[in-house]
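Structural features, examined
Letter by letter, the chains look like this.
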Amino acid sequence: MQKGEFLYEGKAKRIYATDEAGVFWMEFKDDATAGNGQKRGTIGGKGRINAEITQHVFERLARGGVRTHLLRQESPTVLLVRKLDMFKLEVVVRNIAAGSLVKRIGLKEGIDLPQPIVELYLKDDALGDPLLNDDHVIALGLATEREMVEIKAAARKINDLLRAYFRTAGLLLVDFKLEFGKEDGQIVLGDEVTPDTCRFWDEKTREKLDKDRFRQDLGGVEEAYQEVLRRVVAQNA
Ligand code: TMP
């Protein structure tokens, strides 16, 4: 597969066309940002680690019956994915109170939520990715009522699969963000599932093993990403 025209650069990935129609070249970068781009840095080896984690996780989800955009891993930092018509939404699922939920609602960090919470955010950096309710999604034409129901159901199913998957790796899946698109009228999971987009806590010590180490200047960022990859690989072995 040949890398083609440069299409788009996000905070953590670069997307290129390929010589095959409908197939994108998704290159993971070491760059890290937090606070909607206010804090910037690099995390050594992150591109390689996140490409590999996403490949393992998406393969597992596919085996669990979830449609994803992943075709295959092309090189250590590159995944080949199918082109999707993306929803301008970030879908967050929460199992344990942390992050913006704690700030917004005042729950204590670390409290187990009685049932998972699914939230939709507008994917718009200039607006700071605001939280939306279902009426906002319809008013903005971001998804239909039916698509929203399907997206939320897919997010809950993915949460069930991933919670169990990471639990066997000794990781609590605190919360995570997903992005979906459409292909032939079907809802398909896109983007990535990595320590950039999930909160993982060690099951026993509750040590943070994700991007919160970068966001909160806790140190040991690269080591935490490596540790998540090590556990994911060990589990798949
Ligand atoms: P939050 O607590 O900051 O709202 O984040 C919830 C989860 O979503 C957390 O695992 C980090 C992830 N996330 C992203 O991947 N990208 C983002 O832009 C935001 C705001 C959160």
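For the structure itself, look to the data block above.
This report concerns the structure included in the present document. Starting from 1, residues in each chain are numbered consecutively following that chain's sequence as written. Where totals are concerned, whole chains, interfaces and linings use all residues; where local detail is concerned, this predicted model gives features only for residues with pLDDT of at least 70, and gives and counts side-chain atom pairs only at 80 or more. Side-chain metrics rest on all non-hydrogen atoms present in the structure, leaving aside hydrogens and water.

1. Digging into unusual backbone geometry
Although it is not a glycine, D191 adopts a positive phi angle of roughly 60 degrees. In this model, R206 sits at a positive phi of 65 degrees, which is unusual for a non-glycine residue. Mapped onto the fold, R206 is located in the loop between β15 (198-202) and α5 (212-215). Exposed residues in this analysis have more than 50% of their type's maximum accessible area, buried residues have under 20%, and partly exposed residues fall in between, with area computed by a 1.4 Å probe over protein chains only. Residue R206 is classed as partly exposed on the basis of its relative accessible area of 37%. Strands here mean DSSP runs of E at least two residues long; helices mean DSSP runs of H or I at least four residues long; both are numbered from the N terminus.

2. Some words on the packing of helix α4 (residues 145-168) against helix α6 (residues 221-236)
Only the stretch in contact is used when a helix axis is fitted, and all axes are lines through C-alpha atoms; the angle between N-to-C directions ranges over 0 to 180 degrees. Orientation of α4 relative to α6, taken along the N-to-C sense of each, is 95 degrees, at an axis distance of 9 Å. As summarised for this structure, α4 and α6 are arranged roughly perpendicular, according to the angle between their axes. The segment α4 lies against α6, with Y165, F166 and T168 engaging V232, Q235 and N236. Class assignment for the residues of the contact of α4 with α6 results in 3 nonpolar, 3 polar and no charged. Roughly parallel covers angles under 35 degrees, roughly antiparallel covers those over 145, roughly perpendicular covers 65 to 115, and oblique covers all other angles. Only heavy atoms enter the contact rule, under which two residues are in contact if any of them lie within 4.5 Å. Under the scheme applied here, ten amino acids are nonpolar (Ala, Val, Leu, Ile, Met, Phe, Trp, Tyr, Cys and Pro), four are charged (Asp, Glu, Lys and Arg), and all others, including Gly, are polar.

3. Some thoughts on the sheet that holds strand β1 (residues 3-9)
Hydrogen bonds between backbone atoms are what pair the strands of a sheet, whose relative direction is either parallel or antiparallel. When DSSP finds two or more bridges between a pair of strands, those strands are recorded as paired. One open sheet accounts for 5 strands, arranged β1-β2-β3-β7-β6; its pairing is antiparallel. At either end of the open sheet lies a strand with only one pairing partner, and these are β1 and β6 (70-75). With strand direction ignored, the average angle separating the axes of adjacent strands in the sheet is 30 degrees. Across 5 bridges, the pairing between strand β2 (residues 13-18) and strand β3 (residues 23-28) is antiparallel. Considered in β3, the bridge of A17 is made with F24. The strands touched by helix α1 (residues 46-63) are β3, β6 and β7 (78-82); relative to β6, the strand with the most contacts, the crossing angle is about 150 degrees.

4. Examining the site of the ligand
Residues are labelled near a given molecule or strand when at least one of their non-hydrogen atoms is within 4 Å of it. As a structural note, the neighbourhood of the ligand is formed by 16 residues, with R94, S100, D175, K177 and R199 the closest of them. R94 has a polar side-chain atom sitting 2.8 Å from an oxygen atom of the ligand. The backbone of T197 places a nitrogen or oxygen atom 3.5 Å from an oxygen atom of the ligand. Here the Shrake-Rupley method, with its probe set to 1.4 Å, supplies the accessible areas, and only the displayed protein chains count as covering residues. Contact with the protein chains hides 78% of the accessible area of the ligand, taken as 450 Å² for the molecule alone. Elements supplying a minimum of two residues to the shell around the ligand: β9 (89-96), α2 (99-105), β12 (171-178) and β15. Taken together, the residues of the shell around the ligand break down into 5 nonpolar, 3 polar and 8 charged. Identification of polar contacts relies on pairs of N or O atoms within 3.5 Å, with a donor-acceptor requirement for protein atoms, meaning one able to donate a hydrogen and the other able to accept it, and with residues adjacent in sequence counted only if both atoms are side-chain atoms.

5. Quick word on the pattern of salt bridges
Oppositely charged side chains are able to pair whenever their charged atoms sit close together. Between Lys or Arg on one side and Asp or Glu on the other, a salt bridge is scored when a side-chain nitrogen of the former is within 4 Å of a carboxyl oxygen of the latter. Scanning all chains against the criterion turns up 32 salt bridges. With its nearest N and O atoms 2.6 Å apart, the salt bridge here joins E9 to K29. Residue E9 is found in strand β1, and its partner K29 is found in the loop between β3 and β4 (31-34); the two are separated by 20 residues along the sequence. One salt bridge connects R231 with E227, and the closest N-O pair in it is separated by 2.8 Å. Separated by 4 residues within a single helix, R231 and E227 lie in helix α6, roughly one turn from each other. By the burial criterion, R231 is buried, and E227 matches it. Linked by salt bridges that have partners in common, K13, E90, K123, K177, E179, D191 and E192 make up one network.

Any functional reading would require information beyond the geometric quantities listed.
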